[in-house]
Amino acid sequence: MAAYLAFDGVDDYVNLSTPILMTGDFKITFSFIWPSSGATERIMGKGGSRGDREGFGPYDATRMFFRPGADTRMAYLDIQATAGDLIEGTFERIGDNRILTVGSFTNSISTTYDAYFQYIGKLANFSSKLRSLSIEDNGVLIHNYDPSATGGTGLVLKDTVGTNDGILVNFTTDDSQWIFNSLSDVGFTRLGSLTAPSVTGSAADLPTLVKFEDFTSTMLASLDSGGGDLRFSSDLAGATQLACEVVKFTKATGDVVWVKVPSVATGALIYVWGDNTGAVQPAVGAAFGRNAVWSDYRSLVDAASFNSDITGNFSVTSSSVGSVTGKFGNAYTFNSQTDRVSINDSASTSLLTAEAWVKIPTVTHSNDGRTIISKAFVSSATGWQFIVAASGELNISAFSNTNHGGEIQTVSKLSPNTWHHCVGTYDGVNWNLYLDGVLSGTGSGLGPRATTGAVDVGNLAINGSYTVLNYAMIGDIDRAGYRYTVKSSAQIAIEYDNQSAVGSWWTAADEGGVSSSYELDFATAGYFNLPAIAFGADFKVEVDLKTGSQVATAEWVFNSWDGGGSDKQFLIRVAASQFESFISF
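Let me begin by describing the structure that accompanies this report. (Residues numbered from 1 in each chain as written. Predicted model: local features only at pLDDT ≥ 70, side-chain atom pairs only at ≥ 80, totals over all residues. Heavy atoms only, no water.)

**Looking at the packing of aromatic side chains**
According to the stated counting rule, one finds 21 aromatic pairs in the structure shown. Aromatic pair W294 and Y297: ring centres 5.7 Å apart, planes at 75°, arrangement edge-to-face. Classification of Y297 as buried rests on a relative accessible area of 3%. A ring pair is formed by W357 and Y496, whose centres lie 6.0 Å apart and whose planes are at 25°; its orientation type is stacked. Linking W357 in strand β28 (residues 352-359) with Y496 in helix α4 (residues 489-500), this pair joins segments that are 139 residues apart in sequence. Grouping aromatic residues by their ring pairs yields a cluster made of F26, F30, F32, W34, F56, F66, F91 and F117. The ring centre of Y76 lies 4.7 Å from the NZ or CZ of R63, which sits over that ring. (Phe/Tyr/Trp six-rings, centres within 6.5 Å; stacked < 30°, edge-to-face > 60°. Buried < 20%, exposed > 50% of the residue type's maximum accessible area, 1.4 Å probe, protein only. Helix = DSSP H or I, 4+ residues; strand = E, 2+ residues; numbered from the N terminus. Lys NZ or Arg CZ within 6 Å of the ring centre and 35° of its normal.)

Now the structure itself:
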């Protein structure tokens, strides 16, 4: 385990539920991250009338101190530490000696005082990250304080051996001071990887769809139904967890999982974690929960989260709308002049991206237009509207009661009874329309202007009325959202490619599994061009060579790690006992 409990250096400390009196030999084993402050800090100590000077911890920039019982003397140990170092050592009593040891450094002081401990990180406030702390009494382990065992409750530092939990005092209760080094630290197992297909360009921080078809059967067998223990990371070690929204996970066709991927490009890798029965998804507002997936959006709504803003930013109300099977789970369906989903967002924008999946029953309609998303016109203020025109094209513009400023529309029409990915943007100069991932209309003109009116999905309000004009949607809308930033054409194209894929989009590889296998006959060719393969941080290539009746096995192993630089090592074995060669660079 390698989870850490971070102390703020101001008023955080841990109060042991029962003070610990050590009258004989004892041994405290500890590990922590060396702080950057250089001030005297106590890992363990005791306040009050008995043994108030007992303690040990960092003293200055490179030294630790220790002080036994009520003894007035203090000893030091220069361990040549620097900020961020992992410090592992022991503080112990053997006979009449107190001994502090860190690695090859050690120092001792003679004393007959007993040891008395009450606090972790008090008296001189601890501003570091505690990794582990255990106490032995005459060779018997009696207490073990393990940050990993708490699950990040923010309430106690769990004693996994005894019954003397440490009560956290002045710590935040939102888990922000529980730091986990990797997903494996909290019980998750890496199940394998997902590799993005060939795409044009790249997209940063893209909410990306992962479906049932994207997982291997082995991965699915190691995940709970419901997806409570499903996690993702951008690195092999699981130290960089990715925000995730599990909409549906029944381990069957129709499952919908969204993952916010830092960079989606050809060959991009993310890692799948699970095998942690009983785990639950992070809360919607947690660091890696649902809201974090959609944090770049002002608002996002769909019928799967009825009357709920998936970003968590705004309140949402609906009027007369229904729910039908959508592109991803459930979608809103609209069929009357006043149907709408209203988002209580009074702020305005000069930049815009509005988007949704839309399905209309007929190409043309008698309504003035069929609104996808709009910002209401109020008095003389100008809003904006993103619609399907009466004749079936996508249309976007600034809107007032007298004109449509900068109005543009696509040449292509939406096909009936077909889900289409519709995106409209304004970049400060140009309106742009994208239909199914392709730029299909562009033009300059008046952009969105300030208005305090609400944002509506499926309708357009003019001075609070939905009947002055008839811009009601007749059709279905799924995952309707908007943001006050501009998506690039590459982002939109990759998004459509990912969300419209039939079957798998990602290429899955089980942990330790064989992702590619080839049998090559060099009797008929001098060399072979294999398909490009994107490897993660670690990979392994095994080659069986046969000449006549002789078989030799060559094993190529690649590892990379960060040790103040980037080291790479190749190990080549041929008939392993006969020959080995290492190449490092």
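**Remarks on the pattern of salt bridges**
The final tally for this structure, using the stated rule, is 13 salt bridges. Linking R479 and D302 is a salt bridge whose minimum nitrogen-to-oxygen distance equals 3.0 Å. With R479 in strand β37 (residues 475-483) and D302 in the loop between β23 (299-301) and β24 (316-319), this pair connects stretches of sequence that are 177 residues apart. Across the pair, D302 and R479 agree in class, each one buried. Linking K487 and E355 is a salt bridge whose minimum nitrogen-to-oxygen distance equals 2.8 Å. Within this pair, whereas K487 is found in the loop between β37 and α4, its partner E355 is found in strand β28, the two being separated by 132 residues in sequence. With a relative accessible area of 6%, E355 lands in the buried category. Among the ionic contacts, a cluster of salt bridges with common partners joins E245, D302 and R479. (Salt bridge = Lys/Arg side-chain N within 4 Å of Asp/Glu carboxyl O.)

**A short note on the nonpolar core**
Among the nonpolar cores identified, the biggest contains 36 residues, and F30, M44 and M64 are the most heavily contacted of them. Listing elements by their share of this core, those giving two or more residues are β2 (13-22), β3 (26-33), β6 (63-67), β7 (75-78), β8 (86-94), β9 (97-102), β11 (115-120) and β12 (129-137). Formed by 35 residues, the second largest nonpolar core is a distinct cluster that contains A303, F334, A356 and V457. (Core = buried A, V, L, I, M, F, W, Y, C linked by side-chain atoms within 4.5 Å.)

**Side note on the sheet that holds strand β20 (residues 244-248)**
The 3 strands are arranged β18-β21-β20 in an open sheet whose pairing can be described as antiparallel. Of all the strands in the sheet, just β18 (203-211) and β20 have a single pairing partner and so form its edges. With strand direction ignored, the average angle separating the axes of adjacent strands in the sheet is 30°. In terms of strand pairing, β18 meets strand β21 (residues 256-264) through 8 bridges, oriented antiparallel. Looking at β21, one finds that P207 is bridged to K260. Sheet strands touched by α4: β18 and β21. Its angle to β18, the strand with the most contacts, is close to 10°. (Pairing = 2+ DSSP bridges. Axes fitted to C-alpha atoms, helices over the stretch in contact; angles between N-to-C directions. Contact = heavy atoms within 4.5 Å.)

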